[in-house]
Amino acid sequence: MIETKKLYLRKTDLDRSNWRWPHFSVDELSCDCGKHCEGEYFHDPKFLDALEKMRALMGPIQINSAHRCKAHNKAVGGVANSMHFKAIAVDIKIAPHGRVELYEAAIKAGFKGMGFGVNFMHLDIGARRRWTYPGALGLWKRALGFSPL
């Protein structure tokens with residue numbers, strides 16, 4: 001049986017028999033560093049429900065990065081309190097979706113933490129906060145007609 005919130009040191013430790021998120025897999029959501037861990041995975045049904053809702057609103061979503069072990073997060077320049085290992089977060093590719101569609105679906109799905117990149121968007125279910133990555137704010141302002149910050 002799939003438990004509620006839990007950290008698995010290896011993605012293979014999760015019993016997937018009651019997996020209820022058909023459009024996402026543990027393989028794409030676990031740490032993919034291949035160096036510092038054995039596919040560490042943080043399971044959070046609330047996060048997965050939001051991700052599945054966003055998928056229903058938009059169609060396929062390409063995940064660039066999801067859970068990261070602490071060592072991998074540090075290696076890729078993630079912030080010390082990153083939701084990628086603290087709870088759960090994803091960076092999703094913008095294309096083939098539009099920025100407006102992505103932003104509106106993220107809000108409707110219940111994501112509160114949003115980072116706006118040039119070709120990706122960070123989403124998490126932590127506290128409400130917004131930030132941009134270098135070179136991205138103007139793109140998002142033009143697309144949305146307002147600053148998302």
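In case you missed it, the structure is sitting above this.
Residues numbered from 1 in each chain as written. Predicted model: local features only at pLDDT ≥ 70, side-chain atom pairs only at ≥ 80, totals over all residues. Heavy atoms only, no water.

**Q** Looking at this model, I keep getting lost on the packing of helix α2 (residues 45–58) against helix α5 (residues 99–109). Mind explaining?
**A** Helix-helix packing is characterised by the crossing angle of the two axes and by the distance between the axes. At a minimum axis separation of 9 Å, α2 and α5 run at an interaxial angle of 140°. Between α2 and α5, the interaxial angle falls into the category oblique. For the pair α2 and α5, the sense of crossing is right-handed. Only Glu101, Leu102, Ala105, Ala106, Lys108 and Ala109 of α5 make contact with α2, whose side of the interface consists of Ala50, Lys53, Met54, Leu57 and Met58. The residue makeup of the contact of α2 with α5, split by class, is eight nonpolar, no polar and three charged. (Axes fitted to C-alpha atoms, helices over the stretch in contact; angles between N-to-C directions. Helix = DSSP H or I, 4+ residues; strand = E, 2+ residues; numbered from the N terminus. Parallel < 35°, antiparallel > 145°, perpendicular 65-115°, else oblique. Left-handed = near helix turned anticlockwise from the far one by under 90°. Contact = heavy atoms within 4.5 Å. Nonpolar A, V, L, I, M, F, W, Y, C, P; charged D, E, K, R; others polar.)

**Q** I keep staring at the pairing of strand β4 (residues 89–93) and nothing clicks. Help me out?
**A** The two faces of the sheet receive side chains in turn, since in a regular strand these alternate between them. The element β4 is extensively covered by neighbouring structure, given that four of its five residues are classed as buried. Relative to β4, strand β3 (residues 63–65) runs antiparallel, the two sharing two bridges. Each residue of the ladder has a partner; that of Ile63, found in β4, is Ile92. Both β4 and strand β6 (residues 120–124) contribute to a ladder of five bridges, which runs antiparallel. Its bridge partner lying in β6, Ile92 is registered against Met121. (Buried < 20%, exposed > 50% of the residue type's maximum accessible area, 1.4 Å probe, protein only. Pairing = 2+ DSSP bridges.)

**Q** What am I meant to see in the side chain of His97 here?
**A** Its location among the elements puts His97 in the loop between β4 and α5. Aside from chain neighbours lying at most four places away, what touches His97 is Met58 and Pro60.

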